[in-house]
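Residues per chain are reported as follows:
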Amino acid sequence: MPTKVWQPGADKLGEEELECDPTAYNSLHAFHIGWPCLSFDVVRDSLGLLRTDFPHTVYFVAGSQAEKPDWNSIGIFKVSNVSGKQRDLVPSKTTDGDSDMDADNSDSDEDSEDEEEGGSVTPVLQLCKVAHGGCSNRICAMTQNPHICASWSDAGYVQIWDFSTHLNAWQSETEVPRGASSVFNQAPLFNFKGHKDEGYAIDWSPRVAGRLVTGDCKNCIHLCEPTSDATWNVDATLFTGHTASVEDLQWSPTEDHVFASCSVDGHIAIWDARLGKSPAIYFKAHSADVNVISWNRLASVMLASGIDDGTFSISDLRLLSPKSVCCV
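In this text, all values refer to a predicted model and were calculated from it rather than measured experimentally.

**Section: the sheet that holds strand 10 (residues 201-204)**
Here's step 1: Within the open sheet, the 4 strands sit side by side as 10-11-12-13. Their pairing is antiparallel. Every interior strand has two partners, whereas the edge strands, strand 10 and strand 13 (232-234), have only one. Direction aside, neighbouring strands of the sheet carry axes that sit 20° apart on average.
Here's step 2: As judged from the 4 bridges shared by strand 11 (residues 212-215) and strand 12 (residues 221-226), these two strands associate in the antiparallel manner.

The following block contains the structure:
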């Protein structure tokens, strides 16, 4: 049977089974770590930004969704010896089916040679866990200080953690058995319980170290400003404008005080903290829930948004006027 790509929202799934196509990935590995995770974030390291040669090493954090609240934890991971295939950014054109087969065989031969020269290509997983009260709806590592992470608990509070001890242990290549994990009882640096409900929206500013914005399911948004390396001040006045759950928050990549939000109410809002607690721009993006947004890092006037029905849209903020309500 010919391979068919399933399109969410367009194709109906009957008795067919969805299968992952490993050939679509340069590198694909799986690990079983116990409980499911709703969120993870890659932790920046000092190994360089442009890493193209395998094997790779990656650090990341993830929060669990355990059966009981007391069983939850945040995992600090190091995965090393990550193998994969080197491919051209633009595949060469083929004139017949044999060329594709030759290319696949060539990749296999290269992998075999890499395994013979570099030894085992099995990734090495190192993991330690920090106890976390409740499920982690979202977790986010600070760009400027990657060892500082913020977590959104389904118990309704936001916590900020310092994982430098654990990350330093991985980076110093301390011997840890593969897959081993221990649960540490560690106090967070900061614990904010001012939200009216649990939430999922959270984002660190990429421009101002320590500046954090959080949103909950009761359409409330709070701004946390750093006062020192280990304390934060939360403005008691809420950012208000949405009429339903705030699903995602994203700081502008070019403006210190500007961030965007999206909501179940179908709207996207652009906020400027210098102008007060009401949105500077507020527009109807879709008739369904808007679940996720992302700024264009090169053209910050462009904002992509993902919708609950499986579609997405791209908004050009230059076409919107302040305090306007319009559809795009």
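**Quick look at the sheet that holds strand 6 (residues 148-153)**
Here's step 1: Strands sit in the order 5-6-7-9 across an open sheet of 4 strands; the sheet is antiparallel. Looking at the sheet topology across the chains shown, the edges are occupied by strand 5 (136-141) and strand 9 (190-192). Shown here is a sheet whose adjacent strand axes are inclined to one another by a mean of 15°, direction ignored.
Here's step 2: Bridge count for strand 5 against strand 6 is 5 bridges, and the pairing is antiparallel. Pairing of Ile139 across the sheet is with Ser151, part of strand 6.

**Focus on the pattern of salt bridges**
Here's step 1: Within the structure shown, the criterion is met by 6 salt bridges.
Here's step 2: A salt bridge links Arg51 to Asp45, with the shortest nitrogen-to-oxygen separation between them at 2.8 Å.
Here's step 3: Looking at Arg51, the relative accessible area reads 32%, which means it is partly exposed.
Here's step 4: On the accessibility criterion, Asp45 (23% relative accessible area) is partly exposed.
Here's step 5: Residue Lys277 is joined to Asp235 by a salt bridge in which the shortest nitrogen-to-oxygen separation is 2.9 Å. Taken together, the residues span a long stretch of sequence, with Lys277 in the loop between strand 16 (267-272) and strand 17 (281-284) and Asp235 in the loop between strand 13 and strand 14 (246-251) at a distance of 42 residues.

**Things to note about a nonpolar patch on the surface**
Here's step 1: A cluster of nonpolar residues, Trp6, Leu13 and Leu18, forms a patch on the protein surface that exposes about 300 Å² of accessible area.
Here's step 2: Relative to the elements of secondary structure, Leu18 occurs in the segment before strand 1 (37-43).
Here's step 3: You can call Leu18 exposed: its relative accessible area is 53%.

**Examining the pairing of strand 3 (residues 73-82)**
Here's step 1: Within strand 3, 9 of the 10 residues are buried, which leaves the element mostly enclosed by the surrounding structure.
Here's step 2: Here strand 2 (residues 56-64) runs beside strand 3; their pairing, made up of 7 bridges, is antiparallel. The partner of Tyr59 across the bridge, within strand 3, is Lys78.
Here's step 3: With 8 bridges connecting them, strand 3 and strand 4 (residues 124-131) associate as antiparallel partners. Note on strand 4: the bridge partner recorded for Val79 is Leu125.

**Thoughts on the confidence of the model for the chain**
Here's step 1: Per-residue confidence for the chain gives a mean pLDDT of 84, with 84% of residues at or over 70.
Here's step 2: Averaged pLDDT values for the elements of the chain fall to 46 in helix 1 (residues 97-118) and rise to 98 in strand 10.
Here's step 3: Below pLDDT 50 for its whole length, residues 97-119 participates in 7 contacts with residues either more than four positions away or in separate chains.

Calculation rules
Residues numbered from 1 in each chain as written. Predicted model: local features only at pLDDT ≥ 70, side-chain atom pairs only at ≥ 80, totals over all residues. Heavy atoms only, no water. Pairing = 2+ DSSP bridges. Helix = DSSP H or I, 4+ residues; strand = E, 2+ residues; numbered from the N terminus. Axes fitted to C-alpha atoms, helices over the stretch in contact; angles between N-to-C directions. Salt bridge = Lys/Arg side-chain N within 4 Å of Asp/Glu carboxyl O. Buried < 20%, exposed > 50% of the residue type's maximum accessible area, 1.4 Å probe, protein only. Patch = residues over 30% accessible without salt bridge, like charges linked within 9 Å, V, L, I, M, F, W, Y side chains within 5 Å. Areas by Shrake-Rupley, 256 points an atom, 1.4 Å probe, with all protein chains shown as cover. pLDDT = per-residue confidence, 0-100. Contact = heavy atoms within 4.5 Å.

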